[in-house]
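Topology and contacts: notes
Listed below are the residues making up each chain.
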Amino acid sequence: DERTGRVRRFGGMVGAVRDVADARGGRLWVGGENGLVLFDPGRVRVVSRHRGAPAVMALAAVADGGVWVGYATDGLARLDAAGRLVAHFRPGGPDA
């Protein structure tokens, strides 16, 4: 529940869950067909979730708490521990 930060239905937040990555401090990155969420102890942070959001296909946690995100159609992105975009490599290169 975005309002309360409590998990009521796990898969409902991102649609079908595609991958989960264990981050530092008991946090979990969860990616699915409708975006990405970060489960912090005691709260949920929606990083990207909306109709038409690129489907997350793969996640790889980074030692600093961030994550690499592999999208079905939008390339590869690196997010920091707060979910902010650090780098985004789109199909076809930077000018695509």
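To start, this report covers the structure provided alongside it. (Residues numbered from 1 in each chain as written. Predicted model: local features only at pLDDT ≥ 70, side-chain atom pairs only at ≥ 80, totals over all residues. Heavy atoms only, no water.)

1. A few points about the pairing of strand β7 (residues 76-79)
With four bridges joining them, strand β6 (residues 67-71) and β7 adopt antiparallel strand pairing. Its bridge partner lying in β7, Gly70 is registered against Leu76. A loop of four residues connects β6 with β7, the two strands running antiparallel in sequence, and Gly75 in this loop sits at a positive phi of about 80°. Judged from the four bridges that link them, β7 and strand β8 (residues 85-89) form a sheet pairing that is antiparallel. Note that in β8 the partner of Leu79 across the bridge is Leu85. (Pairing = 2+ DSSP bridges. Helix = DSSP H or I, 4+ residues; strand = E, 2+ residues; numbered from the N terminus.)

2. A few points about the packing of aromatic side chains
Using the criterion set out here, one finds one aromatic pair in the structure. Ring geometry for Trp68 versus Phe89: centroids 6.4 Å apart, planes at 25°, classification stacked. Taken as a pair, Trp68 in strand β6 and Phe89 in strand β8 lie far apart in primary sequence, 21 residues in all. Accessibility expressed as a relative area gives 49% for Phe89, which makes it partly exposed. (Phe/Tyr/Trp six-rings, centres within 6.5 Å; stacked < 30°, edge-to-face > 60°. Buried < 20%, exposed > 50% of the residue type's maximum accessible area, 1.4 Å probe, protein only.)

3. Notes on the side chain of Arg27
Relative to the helices and strands, Arg27 is located in the loop between β1 (17-22) and β2 (28-32). Exposure remark for Arg27: the relative accessible area of 12% places this residue in the buried category. A distance of 3.0 Å separates the side chain of Arg27 from the backbone oxygen of Ala81, its partner in a polar contact. Arg27 has contacts with Ala21, Asp22, Leu38, Phe39, Asp40, Pro41, Gly65 and Ala81, leaving out every residue within four places of it along the chain. (Polar contact = N/O pair within 3.5 Å; in protein donor to acceptor, adjacent residues only side chain to side chain. Contact = heavy atoms within 4.5 Å.)

Limitation: the analysis is restricted to geometry and does not speak to function.
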